[in-house]
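Next come the chains, spelled out residue by residue.
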Amino acid sequence: MGDFLEQFFVLVGLLVCLAYLVKFMRFCRCIFLHLWRVSPRSFLKSMGQWAVITGAGDGIGKAYSFELARQGLNVVLISRTLEKLQTIAAEIEWTIGSRVKIIQADFTKDDIYEYIKEKLKGLEIGILVNNVGMLPNLLPSHFLNTSDNIQGVIHCNITSVVKMTQLILKHMESRQKGLILNISTGVARFPWPLYTMYSSSKAFVCTFSKALQAEYKSKGIIIQAIVLSLIPSWVFYSSMFQKAILTHYVKYLKQNTNLR
Ligand SMILES: NC(=O)c1ccc[n+]([C@@H]2O[C@H](COP(=O)([O-])OP(=O)(O)OC[C@H]3O[C@@H](n4cnc5c(N)ncnc54)[C@H](OP(=O)(O)O)[C@@H]3O)[C@@H](O)[C@H]2O)c1
């Protein structure tokens, strides 16, 4: 029995070492690919002249807009607030020199796609960044207590990805190249109670991207889900959030585990 246990633990130890060795090798591969710039600087530009970014007025979408412009693409910025779009467009045109088109649209609605299609007509779109997304409740909340606008959340987080992809993929397919980046989140990887709508809608984005990539890889199109975990630290450190986590989650755990 003693010998068996010893061999068992040696085996477990070896498996753990092997798992970490694989992780280390993957890490080295990333560093290698990054340092040796496997894809040339012209790679993004080679996809097409224009990049379309949804939710481009702020945050991650705004950052993508600037970076893609810096990489030599013209950009189409889509978001709700016209003034923000105009300011960003002026800044990109002035500092980088790329051409910019802006489209004002609210992705919580589902009747905007004909209008967007019209505005995109004639552009050679090489890159689509499906960035727009909304967190229906910042504080943890039960499904029935969250925003009444569930349809809006579905339209913004799911319909936008499907419809924008449908609009643009068609042309990418005929040109046999294109890149679609769908922005998801770390909490899509597992069910996240009290943020059910957000985590499950973002899980859709991951599944949709993987399946679509399998369908269109052979046509020269790259489709990826980007899994971000960039919740600003102030959210975690704010006393309001911590209090909410403590009260809501403790209540939730008590209800679900029958603890007193
Ligand atoms: N920030 C994070 O920590 C984090 C982490 C993981 C994943 N993500 C994901 O990354 C993406 C971008 O996040 P973010 O924090 O950068 O977003 P954000 O700052 O909240 O919003 C970015 C832009 O989206 C636009 N937008 C919001 N709702 C819209 C709507 N219904 N129709 C049209 N435009 C709309 C906003 O436009 P207006 O200002 O004009 O309304 C804003 O310009 C989202 O899909 C999010 O789920 C974010």
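Note that this is a predicted model, so its numbers are computed, not measured. (Residues numbered from 1 in each chain as written. Predicted model: local features only at pLDDT ≥ 70, side-chain atom pairs only at ≥ 80, totals over all residues. Heavy atoms only, no water.)

A. Examining the packing of helix H5 (residues 113-120) against helix H6 (residues 150-175) more closely. Contact geometry for H5 and H6: axes closest at 11 Å, N-to-C directions at 40°. Relative to H6, H5 is oriented oblique. As for how H5 packs across H6, the hand of that crossing is right-handed. Counted together, Tyr-113, Ile-116, Lys-117 and Leu-120 of H5 and His-155, Thr-159, Ser-160, Lys-163, Met-164, Leu-167 and Ile-168 of H6 form the full contact between these two elements. Per-class residue counts for the contact of H5 with H6 are 6 nonpolar, 3 polar and 2 charged. (Axes fitted to C-alpha atoms, helices over the stretch in contact; angles between N-to-C directions. Helix = DSSP H or I, 4+ residues; strand = E, 2+ residues; numbered from the N terminus. Parallel < 35°, antiparallel > 145°, perpendicular 65-115°, else oblique. Left-handed = near helix turned anticlockwise from the far one by under 90°. Contact = heavy atoms within 4.5 Å. Nonpolar A, V, L, I, M, F, W, Y, C, P; charged D, E, K, R; others polar.)

B. A look at the nonpolar core. Grouped together as the largest cluster of nonpolar side chains are 29 residues, with contacts concentrated most on Val-52, Ile-78, Phe-107, Ile-116, Leu-120, Met-164 and Ile-168. For this core, the secondary structure elements donating two or more residues are strand S1 (50-54), strand S2 (74-79), H5, strand S4 (125-130), H6, helix H7 (196-216) and strand S6 (221-228). Counting residues in hydrophobic clusters, the runner-up holds 21 residues, among them Met-47, Leu-68, Leu-77 and Leu-179. (Core = buried A, V, L, I, M, F, W, Y, C linked by side-chain atoms within 4.5 Å. Buried < 20%, exposed > 50% of the residue type's maximum accessible area, 1.4 Å probe, protein only.)

C. Region of the structure containing the sheet that holds S4. Here we have 6 strands laid out as an open sheet, ordered S3-S2-S1-S4-S5-S6, and parallel in their pairing. Edge strands, defined here as strands with exactly one partner in the open sheet, are strand S3 (100-104) and S6. With direction set aside, neighbouring strand axes in the sheet form an average angle of 15°. Across 5 bridges, the pairing between S2 and S3 is parallel. Each bridged residue has a counterpart across the sheet, and for Ile-78 the counterpart in S3 is Ile-103. Against the sheet, helix H3 (residues 59-70) contacts S1, S2, S4, strand S5 (178-185) and S6, and its axis sits at roughly 170° relative to S1. Its contacts with the sheet put helix H4 (residues 82-95) on S2 and S3, and the angle it makes with S3 is roughly 175°. (Pairing = 2+ DSSP bridges.)

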